[in-house]
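# Survey of secondary and tertiary structure
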Amino acid sequence: MASLKKVKDEKVGFQTPRGMHDILPVDQPWWDRVRKVARDLADFYNFNRIDTPILESFKLFERGIGEETDIVEKEMFVLKTKGGDVLALRPENTAPIARAYLQHRLGRSSQLQKFYYEGPFFRHESPQAGRFRQFHQVGFEIIGGPNDPIYDAQVIVVAARLLEELKIKNSNLKINSIGCRVCRPLYKRQLQNYYRNYEKKICADCLRRYKNNPLRLLDCKREECQEFKAKAPNFFDKLCSTCSTHLKGVLEYLEELAIPYALDNQLVRGLDYYSRTVFEFHTEGAGTEVGALPAGGRYDYLMEMLGGRLTPAVGFACGIERLIHVMKAQEVKLPLKAVKKVFLIHVGDLAKKKSLKIIEDLRRAGISVAEALGRESLKSQLKLADREGIELALIFGQKEIFEENIIVRNLKNSLQETVPLPKLVEEIKKRSKG
Ligand code: HAM
């Protein structure tokens, strides 16, 4: 009895899980727009689509993103399969793409590969504006080839164009270098020495970071840690000559492209695979505070961390929900949807029965048709066709069935003509040209 009652109660109020959302038909045009712009950019800049599974080995993320990161420590959805494998819902796609690159030896066919992806990702975060437990990203990655700052610049250009094509205004780019294996350990030590004086004053998270992952001390958003952060040693002063030349190269390309940027020596990002360049785009203005839009960087050591060879790589990803939020807040207008050319109106049961066949004939001829098969009255169907701005109504009733005709009525000027059914496609095409 008790279990039956539970089922009954649940039936009343099923909701999406916390931090996860339906994408209803009314919102689909926004999603279509973002995906189309991302796909067109991928096409133009020669990035090839890649899809990886939603579930991956938990270890892939532990190794790739880093054990000490918030994502791996606190935010993973982890499950054990019946066979005993420990899998995780992917929280991001750079580690899975690196895994695919190694697994399929994609580096063999060509030195440099460019990948593009879109899809759902999962992080068990506290839901808030722009932060969800299931969210979607579009992302771009360049893997292999020489370790050349031109590729850092190219992914930043793609990110900038993504915002521009979506008509997102007031965005700004923050950029930093977090060094390499040579200079980063020295800086980390210096940071630890500096924070040693504040061990008792920083938040519990920072205390952990101080011990295990000092670079992330610069990422703390808590009020009580800001004054220590502000006076922390500057990484720019500690970059080795190779890293500083690389950063200079990236900035020169950005200047060449007239992409404005601000150097931010405290930008470290929340994933451990980065080296050298890291960057984030944000927007300013009321209602647009959703955190970073496109965000990414260089990850030259990731392949090695996953058991492959040292392979230069750089990329970024952007939350689709955040893009749509900002577009709506900035009142971006979507391009108008193409209006269908014809509306098929049926009058009577027999005509309704034959309507599907007419729709199929038109489909084969490449003519898209609107209809309201559930409505019966001529008047209500005509009204609908008019409301949708459709030019031609095809009116099909009892008389037309017997005479094998159909009425083609121009809804703009109310002129109508009876056309033999076999000539319908030809007639519509003729009118489309006119
Ligand atoms: P990320 O900064 O963790 O980087 O995420 C990239 C973007 O995904 C963020 O800037 C934001 O737009 C969106 N995003 C992240 N978490 C959420 C969330 N909980 N809710 C809504 N949107 C979110 C990465 O994922 C790296 N894989 C990016 C990258 C690619 N680096 C190199 N290549």
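Residues numbered from 1 in each chain as written. Predicted model: local features only at pLDDT ≥ 70, side-chain atom pairs only at ≥ 80, totals over all residues. Heavy atoms only, no water.

### Some thoughts on the domain arrangement of the protein chain
Along its sequence, the protein chain is carved into domain 1 (23-183 + 239-329) and domain 2 (342-425). A separation of 50 Å is found between the C-alpha centroids of domain 1 and domain 2. (Domains from an automatic or database assignment.)

### Things to note about the sheet that holds strand β4 (residues 86-89)
The strands that make up a sheet are held in pairs by hydrogen bonds between backbone atoms, and each pair lies either parallel or antiparallel. The three strands lie next to each other as β2-β4-β3, forming an open sheet whose pairing is antiparallel. In this open sheet, the two strands that pair with only one neighbour each are β2 (55-57) and β3 (78-80). Along the sheet, successive strands turn relative to each other by an average axial angle of 40 degrees, direction set aside. In terms of strand pairing, β2 meets β4 through three bridges, oriented antiparallel. In the strand pairing of β4, Ser57 is matched with Leu87. (Pairing = 2+ DSSP bridges. Helix = DSSP H or I, 4+ residues; strand = E, 2+ residues; numbered from the N terminus. Axes fitted to C-alpha atoms, helices over the stretch in contact; angles between N-to-C directions.)

### Examining the site of the ligand
The environment of the ligand is made up of 27 residues, and the closest members are Glu92, Glu125, Glu141, Tyr274 and Leu293. Contact between the ligand and Arg269: an oxygen atom at 2.8 Å from a side-chain N or O atom of the residue. Against a free-state accessible area of 660 Å², the protein chains account for coverage of 96% of the ligand. Elements supplying a minimum of two residues to the shell around the ligand: β6 (134-144), β10 (295-298) and β11 (313-319). Here the shell around the ligand takes five residues from β11, the largest share from any one element. Of the residues contributing to the shell around the ligand, the split by class is 13 nonpolar, seven polar and seven charged. (Near = heavy atom within 4 Å. Polar contact = N/O pair within 3.5 Å; in protein donor to acceptor, adjacent residues only side chain to side chain. Areas by Shrake-Rupley, 256 points an atom, 1.4 Å probe, with all protein chains shown as cover. Nonpolar A, V, L, I, M, F, W, Y, C, P; charged D, E, K, R; others polar.)

### Quick look at the nonpolar core
The nonpolar side chains of a soluble globular protein tend to be buried, and buried together. The biggest cluster of nonpolar side chains holds 99 residues, and the ones touching the most others in it are Leu162, Tyr195, Phe316 and Leu323. When residues in this core are grouped by element, the largest group, nine residues, is from helix α6 (residues 149-165). Sequence-distant contacts of Leu323, defined by excluding residues within four places in its chain, comprise Val34, Leu162, Leu163, Leu166, Ile168, Leu293 and Cys318. (Core = buried A, V, L, I, M, F, W, Y, C linked by side-chain atoms within 4.5 Å. Buried < 20%, exposed > 50% of the residue type's maximum accessible area, 1.4 Å probe, protein only. Contact = heavy atoms within 4.5 Å.)

### So, empty space enclosed by the protein
Enumeration over the complete set of coordinates arrives at one cavity of 30 Å³ or more. As a volume, the largest cavity reaches approximately 70 Å³. Among the elements of the structure, α4 (70-74) and α8 (204-212) are those that each provide at least two residues to the lining of the largest cavity. Among the elements that line the lining of the largest cavity, the one with the most residues is α8, at four residues. Within the lining of the largest cavity, the residues separate by chemical class into no nonpolar, two polar and seven charged. (1 Å grid on protein atoms, 1.4 Å probe; cavity = no way out; pocket = protein on both sides within 12 Å on 5 of 7 lines; lining within 4 Å. Points joined across faces, edges and corners; volume = space filled by probe spheres on them.)

### Some thoughts on the pattern of salt bridges
Under the counting rule described, the total for this entry stands at 32 salt bridges. A single network of salt bridges, built from pairs that share partners, joins Arg35, Arg39, Arg49, Asp51 and Glu118. (Salt bridge = Lys/Arg side-chain N within 4 Å of Asp/Glu carboxyl O.)

### Description of the environment of Phe236
For Phe236, the location among the structural elements is in the loop between α9 (226-230) and α10 (241-256). Classification of Phe236 by relative accessible area gives partly exposed; the value is 25%. Between the C-alpha atom of Phe236 and that of Glu391, which follows or precedes it by 155 residues, the distance is 64 Å.

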